[in-house]
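What the coordinates show
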Amino acid sequence: MVKKTAIYDGHKKLGAKIVEFAGFLMPLQYKNGIFSEVKRVRQTVGLFDVSHMGEVEIKGKGALEFIDYITINDASQLEEYQVQYSAMCYDNGGIVDDLLVYRLPDRYLLVVNASNTDKDFEWILKNKRGEVEISNISDSITQLAIQGPVAEKVIQKLTALVLTNLDFYWSTETKVSGKDCILSRTGYTGEDGFEIYVKNESGTKLWNDVLNSGREFNIEPVGLGSRDLLRLEMKYCLYGNDIDKTTTPLEAGLSWITKLEKENFIGKEALLKQKEEGIKRKLVCFEMLEKGMPRHHYEIFVKEKKVGFVTSGNFSPSINKFIGLGYIDKPFHKSDTEIFIDIRDVKKKAVVVKAPFYKNASHK
Amino acid sequence: MNVPDNLRYTKDHEWVRLEGEFAFEGLTDYAQSQLADIVTFELKPVGSKFKKNEIFGSVEAVKAVADLYMVVGGEIVEVNQKIMNTPETVNQDPYGEGWIIKVKMDNPDEYNESLTPDDYKKLIAEQS
């Protein structure tokens, strides 16, 4: 059965184009279109309903040790209320999902991709060890993301908490708009911004209050279409496109969250081995030198030789170029390498560039 | 979805409008909505001749790429420069400012073979 978020009716009222994504009816875009929404977030502020995201709560004496075992980043380094970007891997080093880990005083919260929530929950249960209590609370939680250079001003009007004290990748439990929530300075756009988790019954009020508070900054509701572009412009990975069970974090450029020196975690042996042997391909950014839209699965060539494939691609309204991500075999992964993307049987010239595509984001 | 009564349509979500011996062709409101933000058109040049249903170009948009088919056969006598420079015109005004090509028709009877507004409304109702 396809699900609706608590704010579904609100989206309809605002003229959203609704699409099914990961089993949810979600706003793809509103009236002004995807490129206009990207600009809104880059220039001032946009509001996303991302309630499709999954939330798994882990409690109990063994929680930290367990999370450290199932994730690749070092959860033991987390201080209370700190947030960490991490991933879960299979034994062979392939990626189960990428996620955020919140360390709260009495529990941990794992925020996972909507398309993976059920798979992740099963995986976590299957690997359960120690004294832990695991619950999938996804269906009861509304998650909003307020993103853009003036996001702080919008949220500051709705909370007594002094937001300048909340640093990037930190969270707190507080009230926003009178509703109990988890508030974190996090996001998927490269801009300054916040993510707020509330119970579903508070969702619509919070959504409306944020829109009202942001009116003086020309806030707009923004949908999944702009979210995908904003993250692509920053080279943030999307599960199912850029990372999946066939790719490892080392290949995806996520070695910065892969703590191989940790004592033990699922996938460690395979990843250590891959590191020792050296990775054979790498996820890189490229810009088209000839007009053409690179899309998922298109093949990448150097001269006549196939050297990789596109994982994500689009037109970037922020830098006015066609851009993409793809896995490219070494040594063709290096910046400035000239490559060709096979776009509907025509090979179009592109060049490997350094991440991110968009270099003026308010949070880098 | 907007489906004006004064136009004819195709199953490929294009519209056609007659003006004397000429036909104007474009993408329907349904098509632009499915494609999302349109980024670029690649069209064969003025002077090219095609039969009905032949491909005369393509449209690239955020969500998809699509070929463009001649609704009626003939010679392309004009390409709308406005959509070449600002492709979003087709998202904003698909039946007006967002027309794509003007064709000098070989056989005006082909116009009558296209879908009526009612037929087209049925088609998109089935597809959405």
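Please refer to the structure higher up on the page.
Read on for a plain summary of the structure. (Residues numbered from 1 in each chain as written. Chains lettered and ligands numbered in written order. Predicted model: local features only at pLDDT ≥ 70, side-chain atom pairs only at ≥ 80, totals over all residues. Heavy atoms only, no water.)

What about the environment of Glu75(B)?
Residue and element names in this part refer to chain B.
- Among the secondary structure elements, glutamate 75 is positioned in strand β8 (residues 74–79).
- As a C-alpha pair, glutamate 75 and valine 46 span 29 residues in sequence and 7.7 Å in three-dimensional space.
- Here glutamate 75 is in contact with Gly47, Ser48, Lys49, Lys102, Val103 and Lys104, once residues within four sequence places are set aside. (Helix = DSSP H or I, 4+ residues; strand = E, 2+ residues; numbered from the N terminus. Contact = heavy atoms within 4.5 Å.)

Focus: the sheet that holds strand β20 (residues 346–353) of chain A
All names here are of chain A.
- Spatially, the 6 strands close up into a barrel ordered β15-β18-β17-β16-β19-β20, and their pairing is antiparallel. The sheet shows a mean angle of 45° between the axes of neighbouring strands, taken without regard to direction.
- Two strands pair when backbone bridges link them, and strand β15 (residues 281–288) and β20 are joined in this way by 4 bridges, in the antiparallel orientation. Bridge pairing in β20 places methionine 288 opposite alanine 350. (Pairing = 2+ DSSP bridges. Axes fitted to C-alpha atoms, helices over the stretch in contact; angles between N-to-C directions.)

A word on the packing of aromatic side chains
- Per the stated rule, a full pass over the model turns up 11 aromatic pairs over all chains.
- The ring of Phe301(A) has Lys347(A) sitting right over it, with the charged end atom 4.4 Å from the ring centre. (Phe/Tyr/Trp six-rings, centres within 6.5 Å; stacked < 30°, edge-to-face > 60°. Lys NZ or Arg CZ within 6 Å of the ring centre and 35° of its normal.)

Some points on the pairing of strand β2 (residues 17–21) of chain A
- Judged from the 5 bridges that link them, β2(A) and strand β3 (residues 24–29) of chain A form a sheet pairing that is antiparallel. Bridge assignment links Ile18(A) to a residue of β3(A), and that residue is Pro27(A).

Describing helix α3 (residues 63–70) of chain A
Residues and elements named next belong to chain A.
- The buried count for α3 comes to 6 of 8 residues, which makes it a mostly enclosed element.
- All of the buried residues along α3 are Ala63, Phe66, Ile67, Asp68, Tyr69 and Ile70.
- Of the surrounding secondary structure, the elements contacted by the buried residues of α3 are β5 (54–59), β6 (83–89), β7 (95–104), β8 (107–112), α4 (117–126) and β9 (133–136). (Buried < 20%, exposed > 50% of the residue type's maximum accessible area, 1.4 Å probe, protein only.)

Thoughts on the interface of chain B and chain A
- With 17 residues of chain B at the contact, the number on the chain A side is 17 residues.
- Together chain B and chain A conceal approximately 1,300 Å² of surface at their shared face, both sides included; 50% is due to carbon and sulfur atoms.
- On inspection of chain B and its partner chain A, the count reaches 3 salt bridges.
- The salt bridge involving Lys348(A) is made with Glu42(B); its shortest N-O contact spans 3.2 Å.
- Along the contact surface separating chain B from chain A lie 10 residue pairs in polar contact (both at pLDDT 80 or more).
- Elements supplying a minimum of two residues to the side of chain B that touches chain A: α1 (29–35), β4 (38–43), β6 (55–61) and β7 (65–69) of chain B.
- Counting residues per element, the side of chain B that touches chain A draws most heavily on β4(B), which supplies 5 residues. (Buried area = accessible area lost by both parts, 1.4 Å probe. Salt bridge = Lys/Arg side-chain N within 4 Å of Asp/Glu carboxyl O. Polar contact = N/O pair within 3.5 Å; in protein donor to acceptor, adjacent residues only side chain to side chain.)

A look at the side chain of Gln143(A)
Residues and elements named next belong to chain A.
- Tracing the backbone through its elements, the reader meets glutamine 143 in strand β10 (residues 141–147).
- Within the structure, glutamine 143 has its side chain in polar contact with the side chain of tyrosine 197 (distance 3.5 Å).
- If sequence neighbours within four positions are ignored, glutamine 143 has contacts with Phe48, Asp49, Val50, Ser51, Met53, Glu55, Val111, Glu195, Ile196 and Tyr197.

A word on the state of the cysteines
Residues and elements named next belong to chain A.
- For the structure shown, the criterion picks out 0 disulfides over all chains.
- Between cysteine 89, a cysteine without a disulfide, and cysteine 237, which holds the nearest cysteine sulfur, the sulfur-to-sulfur distance is 12 Å.
- By relative accessible area, which is 0% here, cysteine 89 ends up buried. (Disulfide = S-S within 2.5 Å.)

Comments concerning the pattern of salt bridges
- On inspection of all chains with the given rule, the structure shows 29 salt bridges over all chains.
- Here Glu191(A) makes a salt bridge to Arg42(A), at a shortest N to O gap of 2.8 Å. With Glu191(A) in the loop between β12 (179–184) and β13 (193–199) and Arg42(A) in helix α2 (residues 34–43), the pair connects residues that are 149 residues apart, well separated along the chain.
- Ionic pairing is found between Asp5(B) and Lys121(B), a salt bridge with its closest N-O pair at 3.9 Å. A residue pair is termed long-range when its members are at least 10 positions apart, and Asp5(B) in the segment before β1 (8–9) and Lys121(B) in helix α5 (residues 117–127) qualify at 116 residues.
- Classification of Lys121(B) as partly exposed rests on a relative accessible area of 36%.
- Salt bridges linked by common partners bring Glu57(A), Lys59(A), Asp106(A), Arg107(A) and Glu173(A) together as one network.

A closer look at the pairing of β8(A)
All names here are of chain A.
- Judged by how many residues are buried, β8 sits mostly within the fold: 6 of 6 residues are covered.
- Neither face of β8 is left uncovered, since the one carrying Arg107, Leu109 and Val111 and the one carrying Tyr108, Leu110 and Val112 both have all their residues buried.
- Two strands pair when backbone bridges link them, and β5 and β8 are joined in this way by 5 bridges, in the antiparallel orientation. Along β8, the bridge assignment pairs valine 56 with leucine 110.
- Counting the residues between successive antiparallel strands, the hairpin from β7 to β8 contains 2 residues.

Details of the side chain of Glu110(B)
Residue and element names in this part refer to chain B.
- Secondary-structure assignment places glutamate 110 in helix α4 (residues 109–113).
- No salt bridge is formed by the buried glutamate 110; its nearest oppositely charged neighbour, lysine 52, is found at 5.9 Å.
- Excluding residues within four positions of it along the chain, glutamate 110 makes contact with Lys52, Val72 and Gly73. (Lys, Arg positive; Asp, Glu negative; His and termini not counted.)

Notes on the nonpolar core
- If you look at the biggest cluster of nonpolar residues, it comprises 69 residues, and the most contacted ones within it are Tyr102(A), Phe286(A), Ile300(A), Ile339(A) and Ile341(A).
- With 26 residues, the next largest nonpolar core counts Ile7(A), Leu163(A), Trp207(A) and Val210(A) among its residues. (Core = buried A, V, L, I, M, F, W, Y, C linked by side-chain atoms within 4.5 Å.)

Section: the packing of α2(A) against helix α7 (residues 224–233) of chain A
Residue and element names in this part refer to chain A.
- Direction vectors running N to C along α2 and α7 enclose 55°, while the axes themselves pass 8 Å from each other. Between α2 and α7, the interaxial angle falls into the category oblique. Considering the relative orientation of α2 and α7, their crossing is right-handed. Of the residues in α7, those in contact with Ile34, Phe35, Glu37, Val38, Val41 and Arg42 of α2 are Gly225, Ser226, Leu229, Leu230 and Glu233.
- Of the residues belonging to the contact of α2 with α7, the class tally is 6 nonpolar, 2 polar and 3 charged. (Parallel < 35°, antiparallel > 145°, perpendicular 65-115°, else oblique. Left-handed = near helix turned anticlockwise from the far one by under 90°. Nonpolar A, V, L, I, M, F, W, Y, C, P; charged D, E, K, R; others polar.)

Read these as layout, nothing more, since geometry by itself doesn't imply function.
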